[in-house]
Amino acid sequence: MSATLPQHAPTGLLIGGDWSAGDTQFEVLDPASLETLAMVGDASVADGLDAVAAAHDAFGAWAATPARERAEVLRRAFEIMTAEIEDCARLIVLENGKAFSDAMGEARYAAEFFRWFAEEAVRVAGGFRDAPAGDKMIITDHTPAGVAYLITPWNFPAAMATRKLAPALAAGCTTVLKPAEQTPLTALWVGEVLQRAGAPAGVVNIVATSQAGPVSEAILADPRVATLSFTGSTPVGKILLAQTAQRVLTSSMELGGNAPFLVLEGADVEAAVDGAMVAKMRNGGAACTAANRFYVHASLVDEFSSRFRSALAAMRIGPGIDRSNDLGAMVSTGERDKINQLLEDAAAEGGRVDAVSEAPTAGAFIAPHLVHGVEHGSTLTRNEVFGPVAPIVTFEDTRDAIRMANDTEYGLISYVYARDKGVGITVGRQLQSGMVAIDRGVVSDAAAPFGGMKESGLGREGGFHGIHEFLETRYLAVDW
Ligand code: ADP
């Protein structure tokens, strides 16, 4: 249970191919012990702009590098990451707090983005057609956008970094990555993997900072930056959209969610509970895709609640680094306190809060909770919980369930358990979310488009779409 960092665990700033300690450092905590894990280089505004300059200098040569060579860098990154997957998982656990099995799942998912975009790098196709009027040839091609600024959150420190770095590099962009201040170590490790895989100096720059606001504002105001890809909360996304509007930058936004989980009449309850355990409990509930509110048909609610309770009660809670635990710590005591506040709000609004087990008191732990008797529209069902709390609302008519599911400003993901696939797909197509899981608890796949409708975001990552977030389309009108 020692908090020793893996062999390759840089803690500095990566700018122009060189690591430096930074003028000052900030502390990264292990949320399971609340002890210091590492001191990490704290990028200033000037460091951020140096990273932009390095990315800008490297852009021409990287954009001109044959796609096959760029693909091979990504492929090697996949291979290194896969060979060292336990190191990656260990870093994720130590700085984020999640269970080791969740961290391994994340690390594998993260590596997949390198493999997938290595394959996509060589498949960017333009287009050709004759104009309907017969007067010209319409040729379209795609060109790398330029320097991409990437901002990632703390809940998936590896996967959010690779989901942005891999398509950006595949497209021929150079990058400046700013990881979340709670979890910079994994991103720095990924940067080092890319260096070992052969990414030339300046193609990948990483600036962890305790001053996300000023550093980002200066970077986004810099005319050398061409595009922003952000994953984080909707309020911060809106601040960044206002900043990108000043320079009319393209931006890809993966923002908050408030995922409904529907258990329809006729659903397989056992399967629904298995799915709920993943959709709710993966990452301790700290995922924008986490099931946030459960709508269960009146005929199934007792059986679903009691089976769900038993499964939650069987979870072992404790430090993620101990592999026998399956629910780790929240990322910080602040995050844990926010969840406890939502539980207090639910109780004040008439909810019956059921703590199904006890969490260790040292460290940022919280036990799983079911909440019964809350109304749709209550504080708990309107807010993204980001923790192991499951409010259960009963319905009688599927149309009401669909209406409640859609009654939110968010639209990232919805879950439907129906058993009958025809019913599942019919209901799924009425849900206003970018992703719908039907009779399953997880959707994430490097080969699928990840993203949300409404205030959950703009653009899609992964799949065939992801690389296009980093490409511009050019149309050549050729006289014919
Ligand atoms: P969370 O609530 O999950 O911490 P945030 O949206 O606050 O989500 O954080 C996601 C990312 O956005 C992190 O990398 C964080 O440092 C960064 N961030 C937070 N505030 C700002 C800001 N004003 N400008 C730019 N980035 C920010």
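The rules we used
Residues numbered from 1 in each chain as written. Predicted model: local features only at pLDDT ≥ 70, side-chain atom pairs only at ≥ 80, totals over all residues. Heavy atoms only, no water. Phe/Tyr/Trp six-rings, centres within 6.5 Å; stacked < 30°, edge-to-face > 60°. Helix = DSSP H or I, 4+ residues; strand = E, 2+ residues; numbered from the N terminus. Buried < 20%, exposed > 50% of the residue type's maximum accessible area, 1.4 Å probe, protein only. Core = buried A, V, L, I, M, F, W, Y, C linked by side-chain atoms within 4.5 Å. Contact = heavy atoms within 4.5 Å. Pairing = 2+ DSSP bridges. Axes fitted to C-alpha atoms, helices over the stretch in contact; angles between N-to-C directions. 1 Å grid on protein atoms, 1.4 Å probe; cavity = no way out; pocket = protein on both sides within 12 Å on 5 of 7 lines; lining within 4 Å. Points joined across faces, edges and corners; volume = space filled by probe spheres on them. Near = heavy atom within 4 Å. Polar contact = N/O pair within 3.5 Å; in protein donor to acceptor, adjacent residues only side chain to side chain. Areas by Shrake-Rupley, 256 points an atom, 1.4 Å probe, with all protein chains shown as cover. Nonpolar A, V, L, I, M, F, W, Y, C, P; charged D, E, K, R; others polar. Parallel < 35°, antiparallel > 145°, perpendicular 65-115°, else oblique.

Let us now look at the packing of aromatic side chains. Counted according to the given criterion, the structure contains ten aromatic pairs. Here the aromatic rings of F294 and F304 are separated by 6.1 Å at their centres, their planes lie at 40 degrees, and the arrangement is tilted. Taken as a pair, F294 in strand β13 (residues 291-297) and F304 in helix α10 (residues 301-313) lie far apart in primary sequence, ten residues in all. For the pair shown, F294 and F304 are each scored as buried. When the ring of F304 is compared with that of F308, the centres are 5.4 Å apart and the planes differ by 50 degrees; the resulting orientation is tilted. Taken together, the positions of F304 and F308, both in helix α10 and four residues apart, correspond to about one turn of that helix. Exposure class is identical for F304 and F308. Each is buried.

With that out of the way, let us pick up the nonpolar core. In terms of nonpolar packing, the biggest core is built from 109 residues, with L74, F114, L194, F261, F294, F304 and F308 touching the most fellow members. The greatest single-element share of this core, amounting to 13 residues, is contributed by helix α4 (residues 100-121). The residues touching F261, leaving out its near neighbours within four places in the chain, are A272, G275, A276, A279, A291, R293, F294, Y295, F304, Y415 and Y417. Counting residues in each nonpolar core, the second largest holds 25 residues, with L264, L343, A364 and V393 among its members.

Reading across from one edge, β5-β6-β22 is the order of the three strands in this open sheet, with antiparallel pairing throughout. In this open sheet, the two edge strands, each paired with only one partner strand, are β5 (127-130) and β22 (471-479). Ignoring strand direction, the axes of neighbouring strands in this sheet form an average angle of 20 degrees.

Inspection of every chain in the model, using the stated rule, returns five cavities of 30 Å³ or more. Its boundaries defined by the atoms lining it, the largest cavity holds a volume of some 70 Å³. Lining the largest cavity are 13 residues, with N96, K98, N283, G284 and A329 positioned closest to its centre.

Position of I413 among the secondary structure elements: in strand β18 (residues 413-417). The exposure class assigned to I413 is buried, which follows from its relative accessible area of 2%. Among residues more than four places away in sequence, those in contact with I413 are A259, P260, T289, S433, M435 and V443.

With respect to spatial proximity, 16 residues lie near the ligand, and among them T152, W154, K178, E181 and S233 are the closest. Separating an oxygen atom of the ligand from a side-chain N or O atom of S233 is a distance of 2.7 Å. For the ligand, the accessible surface in isolation is 550 Å², of which the surrounding protein chains cover 81%. Mapped by element, the contributors of at least two residues to the shell around the ligand are α7 (212-221), β10 (225-231) and α8 (234-247). Looking at which element gives the most residues to the shell around the ligand, the answer is α7, with three residues. A per-class count over the shell around the ligand returns eight nonpolar, six polar and two charged.

Before going further, it helps to examine the packing of α4 against helix α5 (residues 159-171). Remark: α4 packs on α5, axes separated minimally by 8 Å, with the N-to-C direction vectors making an angle of 10 degrees. With respect to their mutual orientation, α4 and α5 come out roughly parallel. Along its contact with α4, which presents E106, Y109, A110, F113, F114, F117 and A121, the element α5 presents A159, T162, R163, A166, P167 and A170. In terms of residue class, the contact of α4 with α5 is made up of ten nonpolar, one polar and two charged.

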